[in-house]
Amino acid sequence: MRAAVAGRFRPDFLRLSADADILLLAGDLTDGGTRAESELLCAELDGLPVPVVAVLGNHDHDQRSGYLIAAQLTALGVHVLDGTAISLDIEGIRVGIAGVMGGSGGFPGHPGTPEEGSAEHRARMRRGPLDALRLRQALDRIDCETRIALTHFAPVIDTLAGEPPKIYAGLGCHDLAVAVDAGGAVLAVHGHAHGGTEFGRTQGGVPVRNVSYPVLGRAYAVYEVAPDSRPTDREQVPSPP
């Protein structure tokens, strides 16, 4: 969210209940983590007709005020996850969502460099594996079988296709996918990889979806998750012109 796109998503969001039961937001909710952008974000999300669940992204921490963005969203009723989980009752079906921001760390064939570079780079490379542990713990705490993993950084390289391979290690972490599989998730949703692709899958067969706005090119995508089954993709909602 920034001034140039203020109001772009709200008309579709206000009609969400016709298409979806829950809105998941996968981080980088603001362009640079400023107070002004946070206020625009809250205006976009105020009073939506479905529950909203979010994780923060790295840009939401650019001004070291991610905690303020989280607090403002929480005051609106948005469920902001950070190593935590929430279970929602949707028309008699219980759905659990576990979330972390995640971090870099790399993938098989695209290793990270946690011992090199700036302090910020090293911290981000180490955060991926650490947040993977927190994601697994959060998934394990969900009290139902229909579990969704929500992260900002990518858990698989499938959804990075289109990004330069040399930066794959900075865009996500394989350990997140291990947590998704081990934690029994039926769907994993992430952002961050703005030049990537929408569809992917973990080694365990869990569908992964990159919902970065530059990838989707629309206000939101709709994914169906049926209890005790893998999700299928439904026709997806276009964004306004």
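Residues numbered from 1 in each chain as written. Predicted model: local features only at pLDDT ≥ 70, side-chain atom pairs only at ≥ 80, totals over all residues. Heavy atoms only, no water.

The name an unreviewed UniProt entry assigns to the chain is Metallophosphoesterase, from the organism Nocardia gamkensis.

1. Side note on the UniProt feature "domain: Calcineurin-like phosphoesterase" (unreviewed entry) in the chain
The residues that UniProt annotates with the feature "domain: Calcineurin-like phosphoesterase" (unreviewed entry) are residues 18-194. The span residues 18-194 is 33% helical and 23% strand by assignment, and the distance between its end C-alpha atoms comes to 27 Å. (UniProt positions renumbered as here; feature names shortened; annotations may be inferred. Helix = DSSP H or I, 4+ residues; strand = E, 2+ residues; numbered from the N terminus.)

2. Some thoughts on the packing of helix α2 (residues 35-45) against helix α3 (residues 66-76)
Running from amino to carboxyl end, α2 crosses α3 at an angle of 20 degrees, the nearest separation of the two axes being 10 Å. One way to sum up the angle between α2 and α3 is to call them roughly parallel. When you trace α2 past α3, the crossing you get is right-handed. Contacts between α2 and α3 pair R35, S38, E39, L41, C42 and L45 from the former with L68, I69, Q72, L73 and L76 from the latter. Of the residues contributing to the contact of α2 with α3, the split by class is 7 nonpolar, 2 polar and 2 charged. (Axes fitted to C-alpha atoms, helices over the stretch in contact; angles between N-to-C directions. Parallel < 35°, antiparallel > 145°, perpendicular 65-115°, else oblique. Left-handed = near helix turned anticlockwise from the far one by under 90°. Contact = heavy atoms within 4.5 Å. Nonpolar A, V, L, I, M, F, W, Y, C, P; charged D, E, K, R; others polar.)

3. Regarding the environment of Y223
Mapped onto the elements, Y223 comes out in strand β12 (residues 223-224). Spatially, the C-alpha atoms of Y223 and P129 are 27 Å apart, while their sequence positions differ by 94 residues.

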